[in-house]
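Close look at the chain arrangement
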Amino acid sequence: MAFPDLGAILKGMSVTLREMLTPPVTIEYPKVKKPVAARFRGRHELKRHDNGLEKCIGCSLCAAACPTDAIYVEPAEQTDAARYSPGERYAKRYEINLLRCIYCGFCEEACPTGAIVLEHQYELSYYDRRSAIITKEGLLVQPPAPELNTPRALRDPGNLYSAIPPIKGGVEE
Amino acid sequence: MPQVTIDNKKVEVPNGTLIVEAAKKVGVEIPVFCYHPKLQPVGMCRMCLVEVGTPKRGKDGQIELDANGAPAIAWMPKLQTACTTVVSDGMTVRTDTAQVADARRAIVEFLLTSHPLDCPICDKGGECPLQNLTMAYGPGQSRFPVESKFHNAKRVPLGDLIMLDRERCIQCSRCVRFQDEIADDHVLGFAARGRGLEIVTLSDPPFDSKFSGNTIDICPVGALTSRDFRLSARVWEVRDYPSVCAHCSVGCNILIGERDHAIKRIVPRENASVNEIWTCDKGRFVHHFTVAPDRLTTPLVRKNGNLEPATWNEALDLVASRFKEIKWHDPNAIGGLAGDRASNEDLYLFQKLFRQVIGSNNLDHRVGWSVTNTGADSVRVYGAGVGTNLGALDQNVTALVFGADPEEEQPVIRLRLKRSARTFGANLIVANGRVTKLAKYAKQSLVYQYGAEAYFLLGLIRAILDERLENRDFIATRVQNFDAFATSLEPYTVERCAEICHVKPEKIRDAARQIAQSPNFLILYGREAMFAQQNDVAVARALAALLLITGHLGRANNGLVALYPHNNSTGAIDFGVLPDGGVGRTRVERRGLSAREMLGRSNERPSMRALYVMACDPAADGNFVKPEFLVVQDLFLTETARLADVVLPAQSFAERDGTFTNTERRAQLFRAALKPIGEAKPDWWIIAEIAKRLVSGLQFQVSGSQVSGNLKPETWNYATASAVMDEIAATVSLYKGMTYAALAENVKLPRPRSGQGNPSEQPTEIAMGELENISSGKVWASVAESDARAKFELVWSEPSRPLTADSRPLTLAVARSLYDGGTLVSKTQIVQARVPAPFVEINSQDAEQLGIADGARVRVSFDMRVIELDARVDGHVPPDAVLIPNNLDGTAALPMGARVKIEKV
């Protein structure tokens, strides 16, 4: 009968005891959430200019760049009386099918105005496939102030003639 | 032929070829903005600069040789524009040198100093030559900050249809030159100079041209955009389906750009024999009817006095059972009216249903036509030869345009005849009772008196015979009854005819000489001539005689072209939707009733117990009495449909496959672009379903005495429209072999687009006019052409004497307006401003006598009818005539040649 190797046991126990004292790597998700990396690609957001106008000009380049055909854009013409974005074109409908999206970020890269950004929202689950299609209302961020929401009549019509930054006068006031 | 060397590639090209065209032959691309193959070169943009050299010649005129024994080249000290330099023998061109690349880069950079580069919101983006050439030849970066760029107005309406962006314009003048050279509507021009140079419209209403939409296609930047398509989709997102315009009888080839099951835009598709690369604004913009919210979506059946939605089975069973019942009593109590807007497949099955299953010849397509004699037999026999290209008639062709107004009725034919006359020197003789726009291009414009058309033609014939210019060989071998004809013509001297038709005798003689001496002679006759034929049979016979005595038939550029009003009028005649004409322009033994006879007068009992009305609206013309059982098959709930017992929803041309036969007898294929609206079905399917139901019940009823053909339901099984055309191609001799595959040969589609779902690096360009000589579709041959030994008979009939001026103060002439008050046009908001208010044109002399000023409101009364219209006094009608377009609000079914009284309101 061999004498138990006490040294080995102690060695093993020391690891156990040491780990008992270190803080745990797991977190109590969803009560606790870990911050993601700065360049993490989560759900898309449609950004606004500081004056509340939408950066998206409805050019459909994101849809053209999308490898999975997840983006649908229906553009339309706008006037100063009902402004959504600088320039003549705006996105009347903007939809992303999040089940199709592979979060590659090509849309971000294609966007000439920096309107679409893959942000840090990653909690994407649905009860049905239809609700995986996220519309413009869901994608658009809140305006800086409620009165800066779109569409709105411009205070200084004719100011916004160019849709693509860098633009002088491309941003109202 | 000069031989030139371009980038070390040798090519032989005809004299007068431009370097830019010669380069295309060897596959060298020279970038251009202002140059367009269809327009005169101007050398405005300088993008096409190349190095050009010619062989060095010594003092003795001999070509000097260099050290290698090759001809030495004397290079021109500066770069030359390839679009204006004509090649010469031995010329050497270099496009691949650093100097050329530098020049191109500089030109692009220069153009971009005043171009906003707002490609992401520009409608041209994706098919823009400036974008493509900047990517290919331009600098990668701008040295100008965008703020210091030249800015200009961005949203300038240039008329109702076109929007101008002055900032994007690069002043290439393609649009101005198109309007001046091709359309010949001088409505665009340049204003100011230097940086301030800008496109302006010179007309009121602005951009008043029927071809304005073509400037959108040829604009090399996004300066001119369609106000219809504007910012509604990106060009790479619209899918293009090859189709054929469904408005007039030209049959322009088009591409339907579809997105989200709606037509976003229509652009012309190149076909050298039909429309080149153009289409008119009606064809381009009037497409909203296809997805109009009031389209019929389900079959409707009348229950308790109201039309209520029903299933297809319910509606079709009802139609079949009622037809069966009425047919049991009298098959001739059932009549069929089919509009000539339906496709060949529909019209063929429609008459097959009536002739083979129902056993009735009561068929007609001339609903709402004031014309009933369109000269169908003459076209069958003397129709213009296969290969006739109305846009490329040269100085060896004399064309008589007789009683037609193509500017309003077949706009693209006006463009093409103008091109023939101005570019190729064709000899046009335009004869009508008034001055039309085409008269400008004619070597001779003759204005005869309405009602005296026969005298005008007999005058021409007599003048030919007087000068012994007739084709005696042809007459001796192929023409019968010439002597009797000549004898009957004896009392009709040129002077006498001239006096009656109010054309000077020397003008008649001159025209006659040109007709007889020309190697080729073509007659195009329009609606006013058809009216004349109807009022006087001598007109049709004289037209035929004019061809026969000169022997001008049976070859390309010779014979007769009838200019019909609708997209498939020719098909309706070809497939025998006529009381007396069978399939393939044959004659039927037992003549049925015509549309007019079937519809009767308002105070009469309808002569039909049942009417099957497809794609037409007889009730809109008034005086319609509903028969016992009325079936209407249409896109919309028309006035007739409102009265119907059963309404069947049909598909528009954009939702289905089919073929139309244009006015030159060219059958052309169109493809489905949209998904069907609601439960709408193609016309051919509906007809076949009714036939199947009728046949399965009839097998036990009919003894076969009236109904020939085999009455088996299997003969009505067509899976697709192409199956119907296969049957036509196999059984109808005129359409022999014209299957869909044969008609699709040479169909030109745009270059594949880069972008979604179609990874291709090829740039997209529309309307470049690169395919001279390529045509698609098939023309059937007339008798004169297919049978080289056919004999023709000259038939004489006395011309009826026109009423003299005093017994008939004003003669009514009936014209048409391109933009009409019809259902299809009314669905397109954007063109409504172009639909004129109903008007009457009066000669200034008559107007003065009656005290009517231009624009005054007048009351026109004739035949117990009174209409109120605006008067126009603008010098288009001769004295003693008034002209009213009959397709505007309240002017339907006007009788040509009627006696008219006009008074001020």
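Computed from a predicted structure; not experimentally measured.

Notes on the interface of chain B and chain A
At the interface, 24 residues of chain B touch 24 residues of chain A. For the pairing of chain B and chain A, the buried interface totals around 2,000 Å² over both sides, and the portion due to carbon and sulfur atoms is 52%. When the buried surface of chain B facing chain A is broken down by residue, Ile 121, Arg 155 and Leu 231 of chain B rank first, second and third, together holding 29% of it. One can count five salt bridges joining chain B with chain A. Residues Arg 230 of chain B and Glu 77 of chain A are paired through a salt bridge, measuring 2.8 Å at the closest nitrogen-oxygen approach. Linking chain B with chain A are 11 residue pairs in polar contact (both at pLDDT 80 or more). For the side of chain B that touches chain A, the residue count by class is eight nonpolar, three polar and 13 charged.

Observations regarding the packing of aromatic side chains
Residues and elements named next belong to chain B. For the structure shown, the criterion picks out 23 aromatic pairs over all chains. The interplanar angle of 55° and the centroid separation of 5.1 Å between the aromatic rings of Phe 350 and Tyr 612 together place this pair among those described as tilted. Of this pair, Phe 350 sits in helix H8 (residues 344–358) while Tyr 612 sits in strand E27 (residues 610–614), placing them 262 residues apart in sequence. Just as Phe 350 is buried, Tyr 612 falls in that class too. Arranged with centres 6.2 Å apart and planes meeting at 55°, the rings of Tyr 455 and Tyr 492 form a pair that is tilted.

Side note on the sheet that holds strand E31 (residues 666–670) of chain B
With antiparallel pairing, three strands are arranged side by side in an open sheet as E30-E31-E32 (chain B). Every interior strand has two partners, whereas the edge strands, strand E30 (658–661) and strand E32 (778–779) of chain B, have only one.

Considering the confidence of the model for chain B
All names here are of chain B. Here chain B averages 90 in pLDDT, and 95% of its residues register 70 or above. Here residues 702–708 is a poorly scored stretch, pLDDT under 50, and it has nine contacts once near neighbours within four places are set aside; other chains count. In this model, residues 753–763 is a region of pLDDT below 50 whose contacts with residues beyond four sequence positions or in other chains number 25 contacts. Model confidence for the complex: the whole-complex pTM is 0.92, and ipTM, which rates the interface, is 0.86.

The rules behind the values
Residues numbered from 1 in each chain as written. Chains lettered and ligands numbered in written order. Predicted model: local features only at pLDDT ≥ 70, side-chain atom pairs only at ≥ 80, totals over all residues. Heavy atoms only, no water. Contact = heavy atoms within 4.5 Å. Buried area = accessible area lost by both parts, 1.4 Å probe. Salt bridge = Lys/Arg side-chain N within 4 Å of Asp/Glu carboxyl O. Polar contact = N/O pair within 3.5 Å; in protein donor to acceptor, adjacent residues only side chain to side chain. Nonpolar A, V, L, I, M, F, W, Y, C, P; charged D, E, K, R; others polar. Phe/Tyr/Trp six-rings, centres within 6.5 Å; stacked < 30°, edge-to-face > 60°. Helix = DSSP H or I, 4+ residues; strand = E, 2+ residues; numbered from the N terminus. Buried < 20%, exposed > 50% of the residue type's maximum accessible area, 1.4 Å probe, protein only. Pairing = 2+ DSSP bridges. pLDDT = per-residue confidence, 0-100.

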